[in-house]
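Structural description and commentary
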Amino acid sequence: MTLEQLRDTSLTPVQQTLLSYLRSCAAVAELNARPQEWVFGSVYHLLEAHGVFFTAAPRPVEVPKLPDRWCYGNAAATASTYAGEGLLYAEGFAAMAASGQVVPLPHGWCVTGDGLVVDPTWDFRPDTAYFGIVLRDPATWPHDGGGLLTEPDRMFAMLRDGL
């Protein structure tokens, strides 16, 4: 379900917090003017239109844990390595409870055809919420480590032209 279609009552507390965060960011982004020819005014608007929740799952034993703080490159490399098994690159925001707080962060991960998360960077925690988009074209995957939704030279093209 997209951000617009979600009903807060069916979400976990971490998903509710993540959704509230994304909606607040979209509202703040509304204060900034965007070029009229652009499809989306911000990453949050793109996620409103196309984002979905994915299901956290333990990382398969054959998929190695990769270095922290390199989620985009880790996910692109893992999706490429396991593309034959149907793994795809996904990017958006993820949140988990840490020290009693829910912390939403921009993040990259992989997904199976069933929407299960294969996260080569973060260890599995069942309460982690993942909300984002799947990018099916391997040519767009950020093998250099920069995020598609966080790096202006990549992000602006998606905001201007859409997916």
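Our subject in this report is the structure included herewith.

What follows concerns the pattern of salt bridges. Note on pairing: side chains with opposite charge can pair once their charged atoms come close. Enumeration over the complete set of coordinates arrives at five salt bridges. The partner of Lys65 in a salt bridge is Asp68, with the nearest N and O atoms 2.7 Å apart. Arg160 is paired through a salt bridge with Asp161; the nearest N and O atoms lie 3.0 Å apart. A relative accessible area of 36% places Arg160 in the partly exposed class.

Turning to empty space enclosed by the protein, a few remarks are in order. Tallied over the full model, the rule gives one cavity of 30 Å³ or more. Lining the largest cavity are Ala56, Ala57, Arg59, Val117, Asp119, Trp122, Asp123, Phe124, Arg125, Thr128 and Tyr130. In terms of residue class, the lining of the largest cavity is made up of six nonpolar, one polar and four charged.

To continue, consider the packing of aromatic side chains. For the coordinates displayed, the defined rule picks out eight aromatic pairs. With a centroid separation of 5.6 Å and 50° between ring planes, the pair formed by Trp38 and Phe156 is classed as tilted. You can see Trp38 sitting in the loop between α1 (13-29) and α2 (43-50) and its partner Phe156 sitting in helix α4 (residues 152-161), a full 118 residues away along the chain. Under the relative-accessibility criterion, Trp38 is labelled buried at 18%. Using a relative accessible area of 38% as the deciding quantity, one classes Phe156 as partly exposed.

Attention now moves to the environment of Ala157. Along the chain, Ala157 turns up in helix α4. Along the primary structure Ala157 and Trp38 are separated by 119 residues, whereas in three dimensions their C-alpha atoms are 9.0 Å apart.

Before going further, it helps to spend a moment on the side chain of Asp119. Assignment of secondary structure puts Asp119 in the loop between β4 (117-118) and β5 (129-135). Although Asp119 is buried, it makes no salt bridge; Arg59 carries the closest opposite charge, 5.4 Å away. Reaching out from Asp119, the side chain makes a polar contact with the side chain of His107 at a distance of 2.8 Å. Leaving out residues up to four positions away in the same chain, Asp119 has contacts with Arg59, His107, Gly108, Trp109 and Tyr130.

About the thresholds
Residues numbered from 1 in each chain as written. Predicted model: local features only at pLDDT ≥ 70, side-chain atom pairs only at ≥ 80, totals over all residues. Heavy atoms only, no water. Salt bridge = Lys/Arg side-chain N within 4 Å of Asp/Glu carboxyl O. Buried < 20%, exposed > 50% of the residue type's maximum accessible area, 1.4 Å probe, protein only. 1 Å grid on protein atoms, 1.4 Å probe; cavity = no way out; pocket = protein on both sides within 12 Å on 5 of 7 lines; lining within 4 Å. Points joined across faces, edges and corners; volume = space filled by probe spheres on them. Nonpolar A, V, L, I, M, F, W, Y, C, P; charged D, E, K, R; others polar. Phe/Tyr/Trp six-rings, centres within 6.5 Å; stacked < 30°, edge-to-face > 60°. Helix = DSSP H or I, 4+ residues; strand = E, 2+ residues; numbered from the N terminus. Lys, Arg positive; Asp, Glu negative; His and termini not counted. Polar contact = N/O pair within 3.5 Å; in protein donor to acceptor, adjacent residues only side chain to side chain. Contact = heavy atoms within 4.5 Å.

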